[in-house]
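A structural walkthrough
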Amino acid sequence: MGKLMQKRGRKEAEIPTSSMADIAFLLLIFFLVTTTIDVDTGIGMVLPPKLEEDVEPPPIKERNVLKILVNEQGMVLVEDEPSSVQLIRDVVKTHVLNNGQDPRYAESPGNALVSIKTSRETPYNAYVDVLDEVWMGYFEMWDSEARSLGYENYQQYVDVVVEGQDADNAIREKIKAQISIAEPDQN
Amino acid sequence: MSTHFKKKAKTKEDIPTASLPDIIFMLLIFFMVSTVLREQTVQVRTILPQAEAISKIEQKRLVSYVWIGPMKLDGNRLGETAVQIDDALIEDVGTIRTVMYRKLVEQPRLIVSLRVDETSEMGKVLDVQQELREANTLRINYSTKRQLAN
């Protein structure tokens, strides 16, 4: 085809490609602008499944539950005693790692439960502060557990063992984060 | 090398640009694939609380947002606390379960991210959570910002 055209002294039909890069750049800029790169961060939770009508919730020993109450002013009551948000982290740690020593706290890390109860008027950020402290308590326990296994911290343990070797997360198996969000009282 | 120095000076100094469009297209395709197109206009104000024990949600496509906060009104005024899912304000909290159930059928690994304004009261949040339990969408996330060093 080309030869034929050349004989007739015509130019070969070509699409000019010099502006291709510009067009692609424009599209690129459009997608760059519309892309939201910010990753959503937050505190992950799993809600308890809906209770069946006729099934009673499983019995839990009173001592295994660490009750935290947050009131309308954001004040905290731990096991019916006034406390502060900063203290919760340590209380959670002593509760979970009690291993049956103190009768007020949990029997074993596997049984330990933390219950957070709010009233309907509690401001959301007071609740998040308390929940955050409870989680930080668990994070610190996992960190020290990972260090005793010879890892730098819990994150490294997860990267090496759980992601790398596809093994079970033994630390979380041992110290389960069991946090329950209790319903406020009806009044 | 030194003997050929003169000859070398005659070589073209242009950077070959023939493959430039291809490179740009590669970048373009990367961004096209990774883009989640900008979603909804949020009609409620949500100033997120700060927290320390936070994790990232890597798979953005699994996430569905629920906004809870005071409604944005004209002239910078704030109205009553409202719940927004996708593009619509939810009038009746009881409808959340059907909305969420439909989303769960589409995406069985759905994570519901609650973007709640820090001044909101827990009552609304607990109502929404109760609806999520009814819909069996149990994986939730309290969206928070990273705590700045005090």
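Rules used throughout
Residues numbered from 1 in each chain as written. Chains lettered and ligands numbered in written order. Predicted model: local features only at pLDDT ≥ 70, side-chain atom pairs only at ≥ 80, totals over all residues. Heavy atoms only, no water. Salt bridge = Lys/Arg side-chain N within 4 Å of Asp/Glu carboxyl O. Helix = DSSP H or I, 4+ residues; strand = E, 2+ residues; numbered from the N terminus. Buried < 20%, exposed > 50% of the residue type's maximum accessible area, 1.4 Å probe, protein only. Core = buried A, V, L, I, M, F, W, Y, C linked by side-chain atoms within 4.5 Å. Contact = heavy atoms within 4.5 Å. Expected span 1.5 Å × (residues − 1). Pairing = 2+ DSSP bridges. Axes fitted to C-alpha atoms, helices over the stretch in contact; angles between N-to-C directions. Buried area = accessible area lost by both parts, 1.4 Å probe. Phe/Tyr/Trp six-rings, centres within 6.5 Å; stacked < 30°, edge-to-face > 60°.

**Side note on the pattern of salt bridges**
Side chains bearing opposite charge may pair, as long as their charged atoms lie close to each other. Evaluation of the coordinates by the stated rule reveals 15 salt bridges over all chains. A salt bridge links Asp90(A) to Lys93(A), with the nearest nitrogen and oxygen atoms 4.0 Å apart. Here Asp90(A) and its partner Lys93(A) are both found in helix α3 (residues 85–96), three residues apart, which amounts to about one turn of the helix. Residue classification places Asp90(A) among the partly exposed residues on the basis of a relative accessible area of 44%. Between Asp86(B) and Lys103(B) there is a salt bridge, and its shortest N-O distance comes to 3.0 Å. Residue Asp86(B) is located in the loop between β4 (78–85) and β5 (88–90), and its partner Lys103(B) is located in helix α3 (residues 96–106); the two are separated by 17 residues in the primary sequence. For Lys103(B), a relative accessible area of 18% gives the class buried. Salt bridges linked by common partners bring Arg89(A), Asp90(A), Lys93(A), Glu133(A), Glu140(A) and Glu52(B) together as one network.

**Some words on the nonpolar core**
Core analysis: the largest hydrophobic core is formed by 63 residues, its most contacted members being Tyr138(A), Leu114(B) and Tyr142(B). The greatest single-element share of this core, amounting to 13 residues, is contributed by helix α4 (residues 124–148) of chain A. Ignoring any residue separated from it by four or fewer positions in sequence, one finds Tyr142(B) in contact with Thr41(A), Gly42(A), Ile43(A), Met45(A), Tyr124(A), Tyr127(A), Leu131(A), Ile181(A), Leu114(B), Val125(B) and Gln129(B). Listed in part, the eight residues of the second largest apolar core include Ile57(B), Val63(B), Tyr65(B) and Trp67(B).

**Notes on α4(A)**
Spanning 25 residues, α4(A) covers 36 Å between terminal C-alpha atoms, matching the ideal 36 Å at 1.5 Å per step. Once α4(A) finishes, Gly150(A) follows within two positions and takes phi at roughly 95°, a positive value.

**Here's the deal with the environment of Ala126(A)**
Residues and elements named next belong to chain A. Examined against the element boundaries, Ala126 turns out to sit in helix α4. Take Ala126: its relative accessible area is 11%, and that puts it in the buried class. Not counting residues up to four positions away in its chain, the partners in contact with Ala126 are Val70 and Gly74.

**A word on the pairing of strand β2 (residues 65–70) of chain A**
The two faces of the sheet receive side chains in turn, since in a regular strand these alternate between them. Residue and element names in this part refer to chain A. Taken together, the six bridges between β2 and strand β5 (residues 113–118) define a ladder with parallel strand orientation. Bridged to Leu66 within β5 is Val114. Examined bridge by bridge, β2 and strand β3 (residues 76–78) share three bridges and lie antiparallel to one another. Pairing of Val70 across the sheet is with Val76, part of β3.

**A word on the sheet that holds strand β7 (residues 139–143) of chain B**
The strand order across the open sheet formed by seven strands is β2(B)-β1(A)-β7(B)-β6(B)-β3(B)-β4(B)-β5(B), and the pairing between neighbours is mixed. What marks the edges here is a single partner per strand, and that holds for β2 (55–56) and β5 of chain B. Of the strand pairs in this sheet, strand β3 (residues 63–72) of chain B and β4(B) are connected by six bridges, and their pairing is antiparallel. Paired with Val66(B) across the two strands is Ile85(B), which belongs to β4(B). On top of the sheet, α4(A) reaches β1 (41–46) of chain A together with β6 (111–116) and β7 of chain B; it is set at about 75° to β1(A), its chief contact. Packed onto the sheet, α3(B) meets β3, β4, β5 and β6 of chain B and runs at close to 35° relative to β4(B).

**A closer look at the interface of chain A and chain B**
Buried accessible area, meaning the area lost when the parts come together, often serves as the stated size of an interface. Each partner contributes residues to the interface: chain A has 45 residues there, and chain B has 52 residues. When chain A packs against chain B, close to 4,300 Å² is buried across both sides, 62% of that on carbon and sulfur atoms. Area buried by chain A at its contact with chain B is led by Asp40(A), Leu47(A) and Tyr124(A), which between them contribute 19% of it. One can count three salt bridges joining chain A with chain B. Those elements that provide at least two residues to the side of chain A that touches chain B are α2 (20–34), β1 and α4 of chain A. Broken down by element, the side of chain A that touches chain B gets its largest block of residues, 10 residues, from α4(A). Inspection of the sheet shows β1(A) paired to β2(B) by two bridges, in the antiparallel sense. Of the residues in β2(B), the one forming a bridge with Thr41(A) is Lys56(B).

**A short note on the sheet that holds strand β4 (residues 81–83) of chain A**
Residue and element names in this part refer to chain A. With mixed pairing, five strands are arranged side by side in an open sheet as β4-β3-β2-β5-β6. The sheet terminates laterally at β4 and β6 (179–182), the two strands that pair on one side only. Adjacent strand axes in the sheet meet at a mean angle of 30° when their direction is disregarded. Pairing of β3 with β4, which is carried by three bridges, proceeds in the antiparallel orientation.

**Side note on the packing of aromatic side chains**
Scanning the entire structure with this criterion turns up 14 aromatic pairs over all chains. Considering the side-chain rings of Tyr154(A) and Tyr157(A), the 6.4 Å spacing of their centres and the 25° angle between planes classify their relative orientation as stacked. Residue Tyr154(A) and its partner Tyr157(A) are located together in helix α5 (residues 154–164), separated by three residues, close to a single helical turn. Residues Tyr65(B) and Trp67(B) carry aromatic rings whose centres are separated by 5.7 Å and whose planes lie at 35° to one another, so their mutual orientation is tilted. Among the residues examined, Tyr65(B) registers a relative accessible area of 11% and is labelled buried.

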